[in-house]
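Each chain is listed here by its residues.
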Amino acid sequence: MSNNATTLKRVEDVVIRFAGDSGDGMQLTGGRFTETTAIVGNDLSTLPDYPAEIRAPAGSLAGVSAFQIHFSSKDIHTPGDQPDVLVVMNPAALKVHLPDLIPGGTIIVNRNAFTDKNLKMAGYDSNPLDDGSLNEKYTVYDIEMGKLVINACKDLNLPPKTVERTKNMLALGFLFWMYDRPLDTTIKWLRIKFAKRPELIEANVRAVRTGYNYGETTETFTTRYTVAKAKLPAGKYRNINGNYALSLGLVAASEKANIPLFYGGYPITPASEVLHSLSAWKHFGIRTFQAEDEIAGVTSAIGAAFAGSLAVTATSGPGVALKTEALGLAVMAELPLVVINVQRGGPSTGLPTKTEQADLLQAMYGRNGEAPIPVLAAATPGDCFYVAYEAARVAIKYMTPVIVLTDGYLAHGSEPWVIPKAEDLPAIKVEHPNSIHEGDPGFMPYRRDPESLARPWAIPGVEGLEHRIGGLEKENITGNVNYDPDNHHFMIKIRAQKVANIVNEIPPTEVYGPESGKMLILSWGGTFGSNRAAVDRLRKEGIEVSHLHLRWINPLPKDLGEILIRFEKILIPEINLGQLSKIIRADYLVDAQGLNLVRGRPFRASDIMNAVKEKLG
């Protein structure tokens, strides 16, 4: 019967973590909850977390996959420090993620998976659902999910394993009931996903409705929760993750510049989705090339740049290492190239599905010889769009490769994103010369623009503009191969000055909070959300602290030095062992201190808050 005693409680924000075996569909479940939450109008931030193994042993601790979502009626910046609700599909998921659950939090568990075999694999001596160890600290709802989906689908004549796989939809339906979310968006999605398998549509729809009805009709659950719409700036929104936003930014730049986009690369976690997205957009004139290795990927892109395309390659840290010699070629040839590094845990193969910020020094200095390359970094999943667009614009204007740093958290995390209007994006001007400079005896490929110092972008096939290109040092103006020591020194200096001139593209730096004081948090990349959330909480506690987030790392903003000296202490949180700290200390001779945690996970706001309080005494 209907549970008339259920009350609807309004809450400001909630953090939910879905966790289960790699085959339990936790990423899909979290994605569907995210999509529905975006449609409801909450602000949100997500953190997918899955193992690198294609299929770790079922029920093992190593095989646990998780998805965390933080949704709210106010503006938020992170996927949350700790979950309020933990949805676990087996004992291993409980074992791995229980330590993160807040005291007094809620556990929703699939009781059917707590068999003797699964408990043993997870390292439990007794069943935590029965020994009282959970009920003392948490609110536990153990639901026989497997049994419920079997009963719901008993007349469909489906294999038991197929029916068992729908239990994630049952858990999703129950969460939809618990947090007052509609079912229709997910049901519509199921009908599209399984359009050729009507029996799977029926099984999954029954499962999600069974989960919802279980909450509605079972008197155990006396409280539901609702999170009001967030008051976000006006505009048309969509839910977006970083890799998709980055891909859209590249396409927008190609369209704005009115030149074709060429992507050459090699699949690597967590950057592969950039190739996947771009390859689906052939109707925009995009050409994608999956090369046999990283070297072929980047050199194909360099060739496309020579031919007049917006050239792009994307990879992660190990791939950047393989592309290094070719990046030096792009510097020497002075061709526009966008190089995307979606950073992951390293070194070597490291933690392929985890996040890190440890490739900054590689981006800055990881080439032989004096080979400066502009470097900028995205702050949020949605910001990946604008950073990709900016990188393309600068690469074309200054005739240089540009490195874009994102990371695994930004790549797969998502947030509501205001869809920009094409007319509001900065213009990207492309000029290909069609004749030689007046007075010159022939084409001079290194005659530079006096402002940007960019050389002309002459493309093959234009009569009279034939010129030499390659990795050997060029003579100033003529582009002939030249070994003169003074010429080499001059060309080294002018290539460095060209990159330095990009500082004029950087707007005045904004400090969040007081313009001077006892403490400045300086950050870059995907740590933006955690740092901003920490600053907001600290200020609510009456602790004066400011925040400055860098988009450009090379060059650094021209006003950064005068800002840094206005603060007594500078704290730089990084998911590395202090790479930006080294750069800041060397360039500005200030005593910047690092907060360095390299765990394969984003910072918690509480980590930063504790460090600030400790340093301020």
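Residues numbered from 1 in each chain as written. Predicted model: local features only at pLDDT ≥ 70, side-chain atom pairs only at ≥ 80, totals over all residues. Heavy atoms only, no water.

Caption draft 1: Representation of the overall build of the protein chain in the model. When its secondary structure is counted, the protein chain shows 20 helices and 21 strands. Relative to its length of 617 residues, the protein chain is compact, with a C-alpha radius of gyration of 27 Å against a globular reference of 25 Å. A principal-axis box enclosing the C-alpha atoms of the protein chain has dimensions of 90 × 60 × 45 Å. Roughly 26,300 Å² of accessible area belongs to the protein chain as shown, and the carbon and sulfur atoms make up 52% of that amount. With 64 positive and 68 negative side-chain charges, the protein chain shows a spacing of 5 Å between the two charge centroids. (Helix = DSSP H or I, 4+ residues; strand = E, 2+ residues; numbered from the N terminus. Rg over C-alpha atoms; globule rule 2.2 N^0.38 Å. Areas by Shrake-Rupley, 256 points an atom, 1.4 Å probe, with all protein chains shown as cover. Lys, Arg positive; Asp, Glu negative; His and termini not counted. Charge placed at Lys NZ, Arg CZ, Asp CG, Glu CD.)

Caption draft 2: Seen up close, the sheet that holds strand S7 (residues 139-143). Strand order in the open sheet formed by six strands is S3-S4-S2-S5-S6-S7, and the pairing between neighbours is mixed. Edge positions in the sheet fall to strand S3 (43-49) and S7, since each has one partner strand and no second. The average angle at which neighbouring strand axes cross in this sheet is 15°, direction not considered. Summarising the sheet, strand S2 (residues 13-21) and strand S5 (residues 85-88) pair through four bridges and their orientation is parallel. Bridging across to S5, Ile16 finds its partner in Val85. Relative to strand S6 (residues 106-110), helix H4 (residues 145-152) is tilted by about 55°, and along the sheet it contacts S6 and S7. Strand contacts of helix H6 (residues 167-178): S2, S5, S6 and S7, with the helix running at about 150° to S6, the strand carrying the most contacts. (Pairing = 2+ DSSP bridges. Axes fitted to C-alpha atoms, helices over the stretch in contact; angles between N-to-C directions. Contact = heavy atoms within 4.5 Å.)

Caption draft 3: Examining the domain arrangement of the protein chain more closely. For the protein chain, the assigned domains are domain 1 (7-227), domain 2 (238-423) and domain 3 (517-616). Opposite the 29 residues of domain 2 that make contact, domain 3 presents 23 residues. Summed over both partners, the interface of domain 2 with domain 3 comes to about 2,100 Å²; 63% of that surface belongs to carbon and sulfur atoms. When the area that domain 2 buries against domain 3 is broken down by residue, the three leading residues are Gln357, Leu360 and Leu361, summing to 30%. Linking domain 2 with domain 3 are one salt bridge, by the criterion used here. Between Arg551 and Asp383 there is a salt bridge, with its nearest N and O atoms 2.2 Å apart. At the boundary of domain 2 with domain 3, the tally comes to 13 residue pairs in polar contact (both at pLDDT 80 or more). (Domains from an automatic or database assignment. Buried area = accessible area lost by both parts, 1.4 Å probe. Salt bridge = Lys/Arg side-chain N within 4 Å of Asp/Glu carboxyl O. Polar contact = N/O pair within 3.5 Å; in protein donor to acceptor, adjacent residues only side chain to side chain.)

Caption draft 4: Broad picture of the pattern of salt bridges. For the structure shown, the criterion picks out 29 salt bridges. The partner of Arg197 in a salt bridge is Glu199, and the shortest N-O contact between them spans 2.5 Å. Between Lys397 and Glu505 there is a salt bridge whose closest N-O contact spans 2.6 Å. In this pair, Lys397 sits in helix H14 (residues 383-398) while Glu505 sits in the loop between helix H16 (485-500) and strand S17 (517-524), placing the two residues 108 residues apart along the sequence. Accessibility expressed as a relative area gives 17% for Glu505, which makes it buried. (Buried < 20%, exposed > 50% of the residue type's maximum accessible area, 1.4 Å probe, protein only.)

Caption draft 5: Examining the pairing of S17 more closely. Burial analysis of S17 places six of its eight residues in the buried class, which makes it a mostly covered element. The pairing of S17 with strand S20 (residues 567-574) spans four bridges and is parallel. Looking at the pairing, Ile521 lines up with Leu571 of S20. Relative to strand S18 (residues 546-550), S17 runs parallel, the two sharing five bridges. Within S18, the residue paired with Ser523 across the bridge is His549.

Caption draft 6: The arrangement of the environment of Leu560 in detail. As for its placement among the helices and strands, Leu560 is situated in helix H18 (residues 560-564). Judged by its relative accessible area of 0%, Leu560 is buried. Residues within four places of Leu560 in sequence aside, it is in contact with Leu522, Leu548, Leu550, Ile584 and Tyr588.

Caption draft 7: Focus on a nonpolar patch on the surface. Residues Leu472, Val481 and Tyr483 make up a contiguous nonpolar surface patch of roughly 330 Å² in combined accessible area. Tracing the backbone shows Tyr483 in the loop between strand S16 (414-418) and H16. (Patch = residues over 30% accessible without salt bridge, like charges linked within 9 Å, V, L, I, M, F, W, Y side chains within 5 Å.)

Caption draft 8: Expanded view of the nonpolar core. Counting 95 residues, the largest nonpolar core has Val338, Leu522 and Ile584 as its most contacted members. For this core, the leading source of residues is H14, giving eleven residues. Summarising the domain contributions, this core has at least three residues from each of domain 2 (238-423) and domain 3 (517-616). Among residues more than four places away in sequence, those in contact with Ile584 are Leu522, Leu556, Leu560, Leu564, Ile572, Leu589, Val590 and Ala592. Ranked by size, the runner-up nonpolar core spans 45 residues in total, among them Tyr141, Leu158, Leu175 and Phe176. (Core = buried A, V, L, I, M, F, W, Y, C linked by side-chain atoms within 4.5 Å.)

Caption draft 9: Looking closely at helix H19 (residues 579-588). Regarding H19, the residues found buried are Gln579, Leu580, Ser581, Ile583 and Ile584. The positive-phi residue at the C-terminal boundary of H19 is Leu589, with phi of around 55°.

Caption draft 10: Seen up close, unusual backbone geometry. In this structure, the amide linkage connecting Gly346 to the following residue, Pro347, adopts the cis form with an omega of 5°. One non-glycine residue, Leu589, lies in the positive phi region at around 55°. Relative to the helices and strands, Leu589 resides in the loop between H19 and strand S21 (593-596).

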